[in-house]
Amino acid sequence: MLQLFRNNSPFTVIVLFIFTLLVKFQVLLHPVAPIPVSGHFLYNFMLSWLYLVFRHEGFAYTMLAVVILFIQALYLKSIATRHKLFPRYTYIPAYVYLLVTSIYPPFNFFNETLLLNWFLLGAMDIMFDFTQTTQPRKLIFNASFFLSMAALFQFTMLAWFFMLLVGMVMFRSFNLGEWSVAIMGYVTPPYFLACILFLTDSFGLYAQWPHIGFSLSSDISSPFYLILTLAGIFILLASGIFAMRQNVAMSNIYIRRDWIALSFYLIISVFVAILTDIEVKSAWLITMPALSIIISHALLLEKNKRFSNFIFYFSLIFLVFCLMANK
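The rules behind the values
- Sequence order as written defines the numbering, with residues in each chain counted from 1.
- Given that the model is predicted, a residue must reach a pLDDT of at least 70 before its local features are reported, and side-chain atom pairs must reach 80 or more before they are shown or counted; all residues, however, enter totals for whole chains, interfaces and linings.
- By convention in this description, side-chain values take in all heavy atoms of the structure and omit both hydrogens and water.
- Each Phe, Tyr or Trp ring (for Trp, its six-membered ring) is paired with any other whose centre lies within 6.5 Å, and the angle between the two planes then decides the class: stacked below 30 degrees, edge-to-face above 60, tilted in between.
- Numbering of helices and strands runs from the N terminus, with a helix taken as a DSSP run of H or I at least four residues long and a strand as a DSSP run of E at least two residues long.
- Accessibility here uses a 1.4 Å probe with only protein chains present; expressed as a share of the type maximum, an area under 20% marks a residue as buried, one over 50% as exposed, and anything in between as partly exposed.
- A ring is considered to have a charge above it if a Lys NZ or an Arg CZ atom is located within 6 Å of its centre and within 35 degrees of its normal.
- Axis definition: a line fit to C-alpha positions, over the contact stretch in the case of helices; interaxial angles, taken between N-to-C directions, run 0 to 180 degrees.
- If you view the pair so one helix is near and one far, a crossing is left-handed when the near helix is turned anticlockwise from the far one by less than a right angle, and right-handed when it is turned clockwise.
- Here a residue-residue contact requires only that any non-hydrogen atoms of the pair lie within 4.5 Å.
- Note on definitions: salt bridges are taken to be side-chain nitrogens of Lys or Arg within 4 Å of carboxyl oxygens of Asp or Glu.

A. Main features of the packing of aromatic side chains. Inspection of the entire model under this criterion finds 21 aromatic pairs. Centroid distance Phe19 to Tyr95: 5.2 Å. Interplanar angle 45°. Geometry classified as tilted. Here Tyr95 lies in helix H6 (residues 92-100) and Phe19 lies in helix H2 (residues 11-23), a separation of 76 residues in the sequence. With relative accessibility at 1%, the residue Tyr95 sits in the buried group. On the numbers, 5.5 Å between centres and 40° between planes, the contact of Tyr95 with Phe312 is tilted. Highlighted residues: Tyr95 in helix H6 and Phe312 in helix H14 (residues 305-325), separated in sequence by 217 residues. Each member of the pair, Tyr95 together with Phe312, is buried. Taken together, the ring pairs connect Phe19, Tyr95, Phe312 and Tyr313 into an aromatic cluster. The ring of Tyr91 has Lys77 sitting right over it, with the charged end atom 4.5 Å from the ring centre.

Put into structure tokens, the structure is as follows:
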């Protein structure tokens, strides 16, 4: 069964879509419409526009979220393929992303973090091209612009400025002009937003922007479930790191830098998730892209197929446990 997702065949997309519907069936059966989050005025403004189309139809919002997750999974696979993060082309990163986003129901309802992941994935995709481009300043501006857009939606995303610094230090030699472009790209979104708010006499909304909290959701069904879920994620992550050490050791210096950057991606996303308001139930969804790519190594370990098969079936058992516990 693992071979179905290891293949790079276009038919695998159909298998992935069927898998998506199966693992997301529970949330589609009990859909929930999104509610505004205090202080997140850009997200609330977007919800007001979506309300004109979907009204209070929870299924429409949830189906939209499931489709977005599926497309993000394919985009994650595309990033891994184009930047040669793995020794072979595979849909395993897409499979793992769909799996880990199914362990907690709020991840699958329409939410702000779902939108933020687009900005972060786009920025990371661009930063991987920093080392091999004839237009570095254009890419630097775009990456910093995306990271700044994410920060406008959620205040704690300002911490991703450190990810931009990591990309500039690791992928580019020091150039004052390029650093100036990076700062300009980061300043541009808040500058234009401030102008729009000033012209519409809504500048007071900026005062609602700063929000820091401690995000441990109160929706967890029981401490026992929480402990087993964390243990399952830890086992998958540890197995991915174990396999990554073997796979990355055979890679060139550019791919090794990409993996170091992905490690920083995971560390920063954990830090941001912890400091996010508890009102944002899906805060930990921000960690899933980097987590998925790292775990994928365990399912692609060619030297020990027994190990990769064990992790694959363990991941399915872990998923079934989470789905049953969240009924």
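B. The packing of H2 against helix H5 (residues 58-82), seen in detail. Direction vectors running N to C along H2 and H5 enclose 145°, while the axes themselves pass 11 Å from each other. As for how H2 packs across H5, the hand of that crossing is right-handed. Where H2 approaches H5, its residues Val13, Leu16, Phe17, Thr20 and Leu21 are matched on the opposing element by Met63, Val66, Phe70 and Leu74.

C. A look at the pattern of salt bridges. Under the definition given, this model contains 2 salt bridges. Here Asp125 makes a salt bridge to Arg82, at a shortest N to O gap of 2.6 Å. With Asp125 in helix H7 (residues 112-127) and Arg82 in helix H5, the pair connects residues that are 43 residues apart, well separated along the chain. Across the salt bridge formed by Glu178 and Arg172, the nearest N and O atoms sit 2.9 Å from each other.

D. Region of interest: unusual backbone geometry. With a phi angle near 55°, Arg55 is a residue other than glycine that sits in the positive phi range. Its identity as a non-glycine residue notwithstanding, Lys84 has a phi of 55°, on the positive side. With respect to the helices and strands, Lys84 occurs in the loop between H5 and H6.

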